[in-house]
Amino acid sequence: CDLMRERSHRSIRLRFVTPTMFKRTGDMQLPLPLPDYVFDNLAKRWQSFGGDDLPTDLVDFTRLNVSVERHRISTQQVQLSRSRPMVGFVGDVTFRLHSSRQPYVSALHALVDFAAFSSVGAKTTFGLGQVETTRFEKEGNVSNAN
């Protein structure tokens, strides 16, 4: 499977199946699917697993060209240990790519494919951050990528 093959569709939907959160400074958590947090986290995981090289400025591209188009999320509290509870989000998020520039679009799609295996966010070794992916191949057509 060539994850880095060229792709052009500009909507990506992720279903966050288990609570997902992102680490911030100190022990602060962010229970929101902000595009730069989602894709930066996936890019770091991709690099640590030895994936193909990603564009070096992919995080900047994401910050400037990817937005949340729609979402249906809710928060859930998770108690992993005796420490204070953590709050994550679950639900569906559709990201919109506002540029068709390659290799960026293909790299973002590769990261989304990878997300189904790597999970996303903090505490993934505890089962948090599990996702399912859905593609919008053509306007109005939806396919499950898993």
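Quick look at the structure, then.

What counts and what doesn't
Residues numbered from 1 in each chain as written. Predicted model: local features only at pLDDT ≥ 70, side-chain atom pairs only at ≥ 80, totals over all residues. Heavy atoms only, no water. Helix = DSSP H or I, 4+ residues; strand = E, 2+ residues; numbered from the N terminus. Buried < 20%, exposed > 50% of the residue type's maximum accessible area, 1.4 Å probe, protein only. Expected span 1.5 Å × (residues − 1). Salt bridge = Lys/Arg side-chain N within 4 Å of Asp/Glu carboxyl O. Pairing = 2+ DSSP bridges. Core = buried A, V, L, I, M, F, W, Y, C linked by side-chain atoms within 4.5 Å. Contact = heavy atoms within 4.5 Å.

**Comments concerning unusual backbone geometry**
Okay, step 1: Residue Gln 102 is joined to Pro 103 through a cis peptide bond whose omega torsion reads 5 degrees.
Okay, step 2: The residue Pro 103 is located in the loop between β5 (86–97) and α3 (104–118) in this model.
Okay, step 3: Positive phi, close to 65 degrees, is recorded for Ser 119, a residue that is not glycine.
Okay, step 4: Relative to the assigned elements, Ser 119 resides in the loop between α3 and β6 (131–138).
Okay, step 5: Despite not being glycine, Lys 123 has its phi angle at roughly 60 degrees, a positive value.
Okay, step 6: The exposure class assigned to Lys 123 is partly exposed, which follows from its relative accessible area of 33%.

**Considering α3**
An α-helix turns once per 3.6 residues; consequently, residues spaced three or four apart project the same way.
Okay, step 1: Spanning 15 residues, α3 covers 20 Å between terminal C-alpha atoms, matching the ideal 21 Å at 1.5 Å per step.
Okay, step 2: Counting buried residues along α3, 13 of its 15 residues qualify, which places the element largely inside the surrounding structure.
Okay, step 3: Note on α3: the residue one or two positions beyond its end, Ser 119, has a positive phi of about 65 degrees.

**Comments concerning the pattern of salt bridges**
Okay, step 1: One pass over the structure, following the stated rule, counts 6 salt bridges.
Okay, step 2: One salt bridge in this structure joins Arg 15 and Asp 92, with 2.6 Å as the shortest N-O distance. You can see Arg 15 sitting in strand β1 (residues 11–20) and its partner Asp 92 sitting in strand β5, a full 77 residues away along the chain.
Okay, step 3: Of the charged contacts, one joins Lys 44 and Asp 40 as a salt bridge, the two residues approaching to 3.3 Å between their closest N and O atoms. You can see Lys 44 and its partner Asp 40 sitting in helix α1 (residues 35–48), 4 residues apart, about one turn around the helix.
Okay, step 4: For Asp 40, a relative accessible area of 23% translates into the label partly exposed.
Okay, step 5: Taken together, the shared-partner salt bridges in this structure form one network comprising Asp 36, Asp 60 and Arg 63.

**Comments concerning the pairing of β1**
Okay, step 1: Burial analysis of β1 places 8 of its 10 residues in the buried class, the great majority of the element.
Okay, step 2: The pairing of β1 with β5 spans 7 bridges and is antiparallel. Counterpart to Arg 13 in the pairing with β5 is Thr 94.

**A look at the nonpolar core**
Okay, step 1: Grouped together as the largest cluster of nonpolar side chains are 29 residues, with contacts concentrated most on Phe 16, Val 38, Phe 39, Leu 58 and Leu 111.
Okay, step 2: Among the elements that make up this core, the one with the highest residue count is α3 (9 residues).
Okay, step 3: Filtering out sequence-adjacent residues up to four positions away, Leu 58 remains in contact with Tyr 104, Ala 107, Leu 108 and Leu 111.
Okay, step 4: In terms of nonpolar packing, the next biggest core, distinct from the first, is built from 5 residues, Met 21, Val 78, Met 86 and Ala 122 among them.

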